[in-house]
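One letter stands for each residue in the lines below.
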Amino acid sequence: MNRIKLLPEHVANQIAAGEVIERPASIVKELVENSLDAQASRITVEIQAGGRSLVRVTDDGLGMSRDDALLSLERHATSKIRRAEDLAAIATMGFRGEALPSIASVSRFTLTTRERESNSPEGTQIVVNGGKIIEVKAAGSAPGTSVEVRQLFFNLPARRKFLRSEETEAAHAQHYLTLAALAHPEVAFTFVKDTRTVWQLPAHKISSDAASRLAALRERLRALMGDVKLLEVDFSISVAEEASPDETESFETATPAGVASSTLDPQPSTLRLWGLMGAPGVSRSTREDQHVFVNRRPVENRGINFALMEGYHTALMKGRYPVCCLFLEINPAAVDVNIHPAKREVKFHREAEVRRFVAQAVRETLLKFHAVETARPNIQHSTFNVQHPSLPTPPVITMPGEEKTPEPIELPNFTPPAPQRPAMFPTKTEQTPLKMGFASSTVRAPEPPAPSSILHPPPSPQPAATPTPLLNVPLRLVGVIGKLYVVLESDRGLVLLDQHAAHERILFEQMLERLERKAQAPSQKLLLPETIELSPRDAQFLREQLAALTRLGVGLSEFGERTFLLDALPPFVKVSDSRRFVIDLVDELKAAGREVNSARLGEHVVVKTVCRHAVKANDPLRGAELENLVEDLRRCTMPYTCPHGRPTIIEMNYRELERKFGRTQ
């Protein structure tokens with residue numbers, strides 16, 4: 001007898017189910033994707049016992065005829081692709097035709113459907129138990145499709161015992177529904193758990209403009225996650241998509257005469273990133289609130305994760321992750337969604353370009369958040385007389401290895417106004433000139449508050465759709481507590497500034513700018529050059545970075561196929577283990593991407609230097625020096641975090657203060 005045999009159909013379906021159906025949440029995912037592909041405007045998901053006993057998904061989509069409903073239960077039967085070339089540009093959520101037969105083979109399955117365009121009120125109902133069709137009959141049904149899955153893995157006890165607790169399985173199902181609801185705010189979602197409605201999300205009208213999409217996404221996020229300070233992202237570039245000669249030749253052979261060319265033809269396309277991302281200071285200790293979609297498909301991609309961290313460089317503390325809901329729109333031909341059985345991962349045709357684009361979009365959004373060319377009133381003096389001992393003049397900070405003494409980095413001079421009792425804000429007729437590095441302009445300031453409002457400040461106004469940067473509002477200096485935290489007051493509430501972190505950010509950007517202006521960093525020859533052997537992958541990567549490392553003062557040269565000779569280092573780099581230094585350098589450059597900032601190697605030294613020279617916790621500052629500190633911080637490109645990612649300035653609005661004092665519930 002032959003040792004190789006064909007598997008029975010029900011066994012093959014169960015094997016396929018093991019790849020596609022991992023847990024009840026997988027069923028929810030596959031069925032909701034089918035509903036979205038069917039142009040549904042309302043989707044209702046019901047689960048019981050975490051999905052073990054029941055998963056029901058109902059939609060008002062296109063529906064199916066009797067013949068289509070029967071054919072949909074066959075393996076690899078789908079309406080979404082026709083030929084192999086369609087796999088090169090998939091624009092639908094599902095495409096393999098494995099979901100329904102796989103689910104039906106491991107559960108008690110009931111499919112009820114009726115075509116939307118049918119004039120008959122009669123639909124079709126199919127009952128399947130463990131992959132065997134039990135009954136096919138006519139049934140009354142609303143337009144759309146309803147799929148009911150009961151007793152999951154009833155015929156596979158070994159798989160059923162590996163399911164987690166009911167709460168865990170329900171949480172996984174709800175997590176996917178959250179992603180689907182974020183990706184499609186124009187669709188109404190209802191989630192029912194154990195006969196109790198968890199949430200009911202209305203559909204939001206979306207027009208063709210980007211503002212309506214962002215507004216709908218913000219409303220959907222507010223309904224699911226509450227109010228979070230988020231920045232709007234809308235960044236796009238044009239790229240040229242070119243097909244390789246092999247792809248072009250194979251496509252021309254497979255395309256019949258007279259058929260229009262496909263997306264593989266060379267043509268310009270747009271790469272766009274839009275959505276919402278956390279403002280400076282908004283982060284999580286895990287990636288739980290980091291949602292990334294590629295053509296509205298929730299995905300996991302290490303390259304995009306690294307790009308987000310690179311975009312937030314020096315704006316996040318170590319071990320913190322950004323909060324975001326970002327949508328990457330890319331030509332479907334430039335992304336492969338068929339590399340994972342559950343379609344959780346994707347692969348880009350030009351991974352490096354996509355990664356660089358995402359990092360640039362995030363960085364530009366953070367910079368734009370502060371660099372808004374609007375009026376920024378000067379700091380107002382406090383009505384209190386705060387006395388501080390004088391602080392010695394800051395020392396001249398010199399980069400190691402420099403021959404000439406650089407200009408001292410110090411706060412600009414400040415001329416205090418005449419000694420009089422100032423108002424909390426400028427009077428209505430005052431014109432406050434701007435001297436912040438932007439174009440000269442004036443602004444009419446608001447009315448001064450009444451004396452009673454100073455004692456009992458009014459509640460802060462409702463936040464706008466886009467949060468106003470904290471450093472763009474008028475600030476009044478009140479005093480210093482603990483010889484570290486500067487107390488300021490704004491029209492929104494209480495503001496605290498960490499003088500050490502703020503001075504670190506100021507010195508960091510000033511020194512980094514000086515370092516980047518140098519074409520060649522100083523270098524010092526080693527007394528005894530050392531040879532370093534690396535793995536083939538690390539050696540290839542380092543070989544491509546030799547020119548950039550030479551500009552940074554690191555003397556590395558090839559000394560064999562996988563061996564390098566280290567004969568020089570920057571004067572400020574002290575290493576005891578040269579091999580460990582080079583390996584760490586390779587790892588850092590890999591994490592930052594191939595096209596790294598030419599000063600990235602020197603950033604660590606700059607951070608350590610400014611930390612030593614910045615104002616310390618017990619250094620007292622006079623009022624004029626504190627005002628200069630805030631003004632210099634306003635001129636920074638990333639003023640809200642120090643180089644280590646810690647916040648420089650925080651705010652507690654009137655609403656929070658009233659809640660803490662029990663004035664509001």
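Overview of the overall build of the chain
Along its length, the chain carries 18 helices and 24 strands. Across the 665 residues in the chain, those meeting the buried criterion constitute 46%. For the chain, the exposed surface amounts to about 34,600 Å²; the carbon and sulfur share of it is 52%.

Observations regarding the sheet that holds strand β1 (residues 42-48)
Pairing between the strands of a sheet comes from backbone hydrogen bonds, and it takes one of two forms, parallel or antiparallel. Read across the open sheet, the eight strands follow the order β5-β4-β3-β6-β2-β1-β7-β8; overall the sheet is mixed. Lying at the two open borders of the sheet, with one neighbouring strand each, are β5 (132-140) and β8 (196-201). The sheet shows a mean angle of 10° between the axes of neighbouring strands, direction not considered. Looking at chain direction, strand β3 (residues 108-114) and strand β6 (residues 144-150) are connected through seven bridges and run antiparallel. By the bridge assignment for β6, Thr110 is matched with Glu148. Taken strand by strand, helix α6 (residues 166-183) contacts β1, β7 (188-193) and β8, and its axis lies near 175° from that of β7.

Regarding the pattern of salt bridges
In the structure shown here, the tally under the stated rule is 27 salt bridges. Here Arg75 makes a salt bridge to Glu98, at a shortest N to O gap of 3.9 Å. Of this pair, Arg75 sits in the loop between α3 (66-71) and α4 (99-104) while Glu98 sits in the loop between α3 and α4, placing them 23 residues apart in sequence. Judged by its relative accessible area of 32%, Arg75 is partly exposed.

Here's the deal with the nonpolar core
Judged by nonpolar contacts, the single largest core of 71 residues is most densely connected at Met277, Val294, Leu328, Phe348 and Leu497. Among the elements that line this core, the one with the most residues is helix α10 (residues 351-370), at eight residues. Not counting chain neighbours up to four residues away, the residues in contact with Leu328 comprise Leu271, Arg272, Leu273, Phe293, Val294, Asn295, Ile304, Phe348, Val354 and Phe357. Formed by 43 residues, the second largest nonpolar core is a distinct cluster that contains Leu31, Met64, Leu152 and Leu163.

Structural notes on the environment of Arg284
When you line up the elements, Arg284 lands in strand β11 (residues 283-284). Considered as a pair, Arg284 and Leu316 are 32 residues apart in the sequence and their alpha carbons are 9.8 Å apart. Leaving out residues up to four positions away in the same chain, Arg284 has contacts with Asp289, Gly319, Arg320, Tyr321 and Val323. At 2.5 Å, the side chain of Arg284 forms a polar contact with the side chain of Asp289.

Looking at the side chain of Thr124
With respect to the helices and strands, Thr124 occurs in strand β4 (residues 122-129). With a relative accessible area of 7%, Thr124 lands in the buried category. Setting aside its immediate chain neighbours within four residues, Thr124 contacts Ser65, Arg66, Leu111, Thr112, Thr113, Val136, Lys137 and Ala139.

Overview of unusual backbone geometry
Notably, Gln39 is not glycine yet its phi reads approximately 65°, a positive angle. Positioned with a positive phi, Thr314 is a non-glycine residue whose angle comes to about 65°. Residue placement: Thr314 occurs in the loop between α9 (302-311) and β14 (321-322).

A few points about the confidence of the model for the chain
On average, residues of the chain score 77 in pLDDT, and 76% of them reach the 70 mark or higher. Low confidence marks residues 373-377, where pLDDT is under 50. Its contacts with residues over four positions away, or in another chain, come to 18 contacts.

Thoughts on helix α13 (residues 536-544)
Given 3.6 residues per turn, any residue in an α-helix points the same way as the ones three and four places further on. If you check which residues of α13 are buried, you get Asp538, Ala539, Phe541 and Leu542. One side of α13 carries all its buried residues, which in axial view fall inside an arc of 165°. Of the exposed residues in α13, the ones pointing more than 90 degrees away from its buried face are Pro536 and Arg537.

Thoughts on a negative patch on the surface
Taken together, the side chains of Asp67, Asp68, Glu115 and Glu117 define an acidic patch exposed on the protein surface. Note that Glu117 resides in the loop between β3 and β4.

So, the packing of aromatic side chains
Remark: the centre distance and the inter-plane angle together describe each pair of aromatic rings, the angle taken between the planes. Here the structure, examined in full by the defined rule, presents five aromatic pairs. With a centroid separation of 4.6 Å and 15° between ring planes, the pair formed by Trp274 and Phe327 is classed as stacked. Highlighted residues: Trp274 in strand β10 (residues 267-278) and Phe327 in strand β15 (residues 324-329), separated in sequence by 53 residues. Both residues of the pair, Trp274 and Phe327, count as buried.

Thoughts on the sheet that holds strand β23 (residues 563-569)
If you trace the three strands from one edge of the open sheet to the other, you get β21-β23-β22, paired in antiparallel fashion. Of all strands in the sheet, those with a lone pairing partner are β21 (524-533) and β22 (555-558), marking the two edges. When the angles between neighbouring strand axes are averaged without regard to direction, this sheet yields 20°.

Describing the pairing of strand β12 (residues 290-294)
The buried fraction of β12 amounts to five of the five residues, a majority that puts the element mostly inside the structure. As defined by bridge partners, β12 adjoins β15 across five bridges and the pair is classed as parallel. Following the sheet pairing, Val292 is matched in β15 by Leu326. Direction of pairing for β12 relative to strand β13 (residues 297-298): antiparallel, over a ladder of two bridges. Among the inter-strand pairings, Phe293 is bridged to a residue of β13, identified as Pro298. Between the end of β12 and the start of β13, which pair antiparallel, lie two residues, with Asn295 showing a positive phi angle near 50°.

Rules and cut-offs
Residues numbered from 1 in each chain as written. Predicted model: local features only at pLDDT ≥ 70, side-chain atom pairs only at ≥ 80, totals over all residues. Heavy atoms only, no water. Helix = DSSP H or I, 4+ residues; strand = E, 2+ residues; numbered from the N terminus. Buried < 20%, exposed > 50% of the residue type's maximum accessible area, 1.4 Å probe, protein only. Areas by Shrake-Rupley, 256 points an atom, 1.4 Å probe, with all protein chains shown as cover. Pairing = 2+ DSSP bridges. Axes fitted to C-alpha atoms, helices over the stretch in contact; angles between N-to-C directions. Contact = heavy atoms within 4.5 Å. Salt bridge = Lys/Arg side-chain N within 4 Å of Asp/Glu carboxyl O. Core = buried A, V, L, I, M, F, W, Y, C linked by side-chain atoms within 4.5 Å. Polar contact = N/O pair within 3.5 Å; in protein donor to acceptor, adjacent residues only side chain to side chain. pLDDT = per-residue confidence, 0-100. Arc of directions from axis to C-beta. Patch = residues over 30% accessible without salt bridge, like charges linked within 9 Å, V, L, I, M, F, W, Y side chains within 5 Å. Lys, Arg positive; Asp, Glu negative; His and termini not counted. Charge placed at Lys NZ, Arg CZ, Asp CG, Glu CD. Phe/Tyr/Trp six-rings, centres within 6.5 Å; stacked < 30°, edge-to-face > 60°.

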